[in-house]
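Inside the fold
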Amino acid sequence: MNWEVFADPATLGLYWEGLLTTLGLLLSSLVVGGVLALLLALALTSQVSMLRWAAGAYTYCIRGTPLLIQVYLIYYGLA
């Protein structure tokens, strides 16, 4: 096996680009997830019953389905 490929400067640049992309996706998903969690928590403790019902239904559906099915529905359903 040719291990020199891993230390090639062009390959190291690709590794760096992949690392930055991964960290960007991580940070953006943390921000979106945190904001969504805060909004749903506020909705679940709200005095408005329709808001509580909608947040509870969303939570029930998301927690009750496997993640792979959710990804398929989002990817193929939004297109």
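Predicted, not measured: the structure shown is a model, and the values here were computed from it. (Residues numbered from 1 in each chain as written. Predicted model: local features only at pLDDT ≥ 70, side-chain atom pairs only at ≥ 80, totals over all residues. Heavy atoms only, no water.)

All right, on to the overall build of the protein then. Across its full length, the protein holds 3 helices and 0 strands. When its helices and strands are written in sequence order, the protein yields α-α-α. Expected size for 79 residues packed as a compact globule is a radius of gyration near 12 Å; at 20 Å, the protein overshoots this value by more than 25%. With respect to the three principal axes, the spread of C-alpha positions in the protein is 65 × 25 × 20 Å. (Helix = DSSP H or I, 4+ residues; strand = E, 2+ residues; numbered from the N terminus. Rg over C-alpha atoms; globule rule 2.2 N^0.38 Å.)

As for its placement among the helices and strands, Ser46 is situated in the loop between helix 1 (9-44) and helix 2 (49-64). Among the polar contacts made by the side chain of Ser46, one reaches the main-chain amide nitrogen of Val48 at a distance of 3.1 Å. Ser46 has contacts with Leu51 and Arg52, leaving out every residue within four places of it along the chain. (Polar contact = N/O pair within 3.5 Å; in protein donor to acceptor, adjacent residues only side chain to side chain. Contact = heavy atoms within 4.5 Å.)

We now examine the confidence of the model for the protein. Looking at the protein as a whole, the pLDDT averages 92, with 100% of positions reaching at least 70. Confidence, read as mean pLDDT per element, is least for helix 3 (residues 67-77) in the protein (91) and greatest for helix 1 (94). (pLDDT = per-residue confidence, 0-100.)

Below, the discussion takes up the packing of helix 1 against helix 2. In contact at an axis separation of 8 Å, helix 1 and helix 2 are set at 130° when each is read in the N-to-C sense. As judged from the angle between their axes, helix 1 and helix 2 are oblique. The element helix 1 and its partner helix 2 pack so that their crossing is left-handed. Every residue of helix 2 that contacts helix 1 at Leu36, Leu40, Ala43 and Leu44 is listed here: Leu51, Arg52, Ala55, Gly56, Tyr58 and Thr59. (Axes fitted to C-alpha atoms, helices over the stretch in contact; angles between N-to-C directions. Parallel < 35°, antiparallel > 145°, perpendicular 65-115°, else oblique. Left-handed = near helix turned anticlockwise from the far one by under 90°.)

Overall, the coordinates contain 2 aromatic pairs when judged by the stated rule. Measuring from ring centre to ring centre gives 6.1 Å for Tyr72 and Tyr76, while their planes differ by 45°; the resulting arrangement is tilted. Of the two residues, Tyr72 and Tyr76 both sit in helix 3, 4 residues apart, roughly one turn of that helix. Residue classification places Tyr72 among the partly exposed residues on the basis of a relative accessible area of 44%. Judged by centre distance (4.9 Å) and plane angle (85°), the rings of Tyr75 and Tyr76 are edge-to-face. For the pair formed by Tyr75 and Tyr76, the shared burial category is exposed. Chaining the aromatic ring pairs together yields one cluster made of Tyr72, Tyr75 and Tyr76. (Phe/Tyr/Trp six-rings, centres within 6.5 Å; stacked < 30°, edge-to-face > 60°. Buried < 20%, exposed > 50% of the residue type's maximum accessible area, 1.4 Å probe, protein only.)

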